[in-house]
Amino acid sequence: KVKASGVSGFAFFQDEMVREARERDRLQRDLSAAIGTEALFPVYQPIVCLKTGGIRGFEALARWSHPDLGSVPPDRFIPVAEDSGLIAGLTDQILRRACEDARNWPEPIGLSVNISPVLLRDEGLAERILTIVQDTGLALYRLELEITENAIVRDFEAAKDVLGALREAGIRIALDDFGTGATSLFHLRSFRFDVIKIDRSFIDRMTREQESAAIVRALLGLGKGLGLEIVAEGVEDRAQKLALQQEGCTDGQGYFFSRPVAFDETVRLLRGKHDWARDRAVA
Ligand code: C2E
Ligand code: MG
Ligand code: MG
Ligand code: MG
């Protein structure tokens, strides 16, 4: 690491900033070109019912395969899309493609799609989403939209109207990454969600750290009291899965069950007889 000191330190800092700005510009330009092409597509991670061990649905996660940089992670390109106005087109594309794919899954397997906070300020959002889903013919009740907690805090009134309209139409609404934001039991009282997804940072530590275990238990109690489904995110090992089952968590998602996979692989996963509730594959 270069130590920033005096004039040369400042010059170094400036160079860094210029370099970062250039890289962002480049990503933005390339992302703009990728939208509408096959370079941008969803992969799918199963969400598993912890009681039956069966797949209850899949979360669509955006992937971008860049001609020179290879696979660019969403944590890098989603912020660029949000800052440049590209997020609307990107979301339309992922949503449409995911709904088309989801139509091939047997009833009542569901589809979850992430919706950026930035989009919730747009009054036309509900209409646009409904048009896309209806175009593809996917039943509205099979779709779930994931909204991160922070999004809802920032502009609560606008978010409430848009989400309310979508929910009235029959789409389910999930609160994503719960526990990481500045919420907001207040928001849980003022808006009716269908699902809470507990952030993986809590699941990651729950079997090693009393505090995290207590928080997970409390969140499960909260979900139960409010009649919400709870998805534990980032389940990576058997110990976590067992602890969650013991505490009555309804659903789990994470590398223990499966990494995100291409559409073809979802069809294989649905045909296979994984008994994830009991940790073994049944022949
Ligand atoms: P998220 O919605 O919370 O999605 C879960 C993320 O955790 C995914 O990362 C997934 O691959 C990862 N994950 C799942 N199981 C495990 C596990 O057991 N261990 C660990 N360490 N990680 C696990 P991914 O695909 O890189 O996406 C990152 C974030 O990017 C997503 O977090 C979401 O906020 C955002 N994102 C992805 N696709 C979209 C999209 O189409 N639209 C928007 N607006 N955001 C998206
Ligand atoms: Mg999500
Ligand atoms: Mg999440
Ligand atoms: Mg996240």
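Placed above this text is the structure.
Described below are features of the structure shown in this document. (Residues numbered from 1 in each chain as written. Chains lettered and ligands numbered in written order. Predicted model: local features only at pLDDT ≥ 70, side-chain atom pairs only at ≥ 80, totals over all residues. Heavy atoms only, no water.)

1. A look at the packing of aromatic side chains
Applied cut-off: Each Phe, Tyr or Trp ring (for Trp, its six-membered ring) is paired with any other whose centre lies within 6.5 Å, and the angle between the two planes then decides the class: stacked below 30 degrees, edge-to-face above 60, tilted in between. Secondary structure elements follow DSSP: runs of H or I no shorter than four residues count as helices, runs of E no shorter than two count as strands, and numbering proceeds from the N terminus. Using a 1.4 Å probe on the protein chains alone, a residue whose accessible area is under 20% of its type maximum counts as buried, one over 50% counts as exposed, and one in between counts as partly exposed.
Counted under the stated rule, the structure contains five aromatic pairs. Residues Trp64 and Phe77 carry aromatic rings whose centres are separated by 5.8 Å and whose planes lie at 85 degrees to one another, so their mutual orientation is edge-to-face. Placement of Trp64 in strand β2 (residues 55-66) and of Phe77 in helix α2 (residues 74-84) is noted, with a sequence separation of 13 residues between them. Given the relative accessible area of 2%, Trp64 is considered buried.

2. Notes on the coordination of the magnesium ion (ligand 2)
We count it as follows: Donor selection uses N, O and S atoms within 2.8 Å of the metal (3.2 Å for Na, K and Ca). Since no water is included, sites may look incomplete.
For the magnesium ion (ligand 2), every protein donor is listed as Glu59 (OE), Asn114 (OD1), Glu146 (OE) and Asp176 (OD), and the spread of their distances is 2.0 to 2.3 Å. Taken as a pair, the magnesium ion (ligand 2) and the magnesium ion (ligand 3) lie 3.8 Å from each other and share Asp176 as a ligand. In this pair, Glu59 is assigned in strand β2 and Asn114 in strand β4 (residues 110-114), connecting sequence segments 55 residues apart. On the basis of relative accessible area, Glu59 is assigned to the buried category, the value being 5%.

3. Brief notes about the pairing of strand β7 (residues 195-198)
Operational definition: A strand pair is defined by DSSP finding two or more bridges across the two strands.
Side chains Val195 and Lys197 of β7 all project onto a buried face; the interleaved residues Ile196 and Ile198 project onto the opposite face, where all are buried too. Bridge analysis of strand β6 (residues 172-178) against β7 gives three bridges, and the strand direction is parallel. By the bridge assignment for β7, Ala174 is matched with Val195. The sheet contact formed by β7 and strand β8 (residues 229-232) spans four bridges and is parallel. Bridge pairing in β8 places Val195 opposite Glu229.

4. Comments concerning the layout of surface pockets
Convention followed: A 1.4 Å probe that fits into a set of points on a 1 Å grid over the protein atoms alone but cannot get out defines a cavity; an open set with protein on both sides within 12 Å along at least five of seven lines defines a pocket, and lining residues are those with an atom within 4 Å of a point. Grid points are joined across faces, edges and corners, and a volume is the space filled by probe spheres set on the points. All amino acids are sorted into three groups, where Ala, Val, Leu, Ile, Met, Phe, Trp, Tyr, Cys and Pro are nonpolar, Asp, Glu, Lys and Arg are charged, and the leftover types, Gly among them, are polar.
A volume near 1200 Å³ is recorded for the largest pocket. Considering the residues around the largest pocket, the lining is formed by 37 residues, among which Glu59, Leu61, Asp75, Asn114 and Asp176 are closest to the centre. Among the elements of the structure, β2, α2, α3 (87-102), β4, β5 (143-148), α5 (149-154) and β6 are those that each provide at least two residues to the lining of the largest pocket. Along the lines of polarity and charge, the residues of the lining of the largest pocket split into 14 nonpolar, eleven polar and twelve charged.

5. So, the pattern of salt bridges
Here is the rule we go by: Salt bridges are identified by distance alone: a Lys or Arg side-chain nitrogen within 4 Å of an Asp or Glu carboxyl oxygen.
This model, assessed by the stated rule, comprises 23 salt bridges. Note that Glu229 is salt-bridged to Arg56, the shortest N-O span being 3.2 Å. Remark: Arg56 occurs in strand β2 and Glu229 occurs in strand β8; sequence separation between them is 173 residues. Residue Glu229 is classed as partly exposed on the basis of its relative accessible area of 25%. Salt bridges linked by common partners bring Arg56, Glu144, Arg172, Glu229 and Asp251 together as one network.

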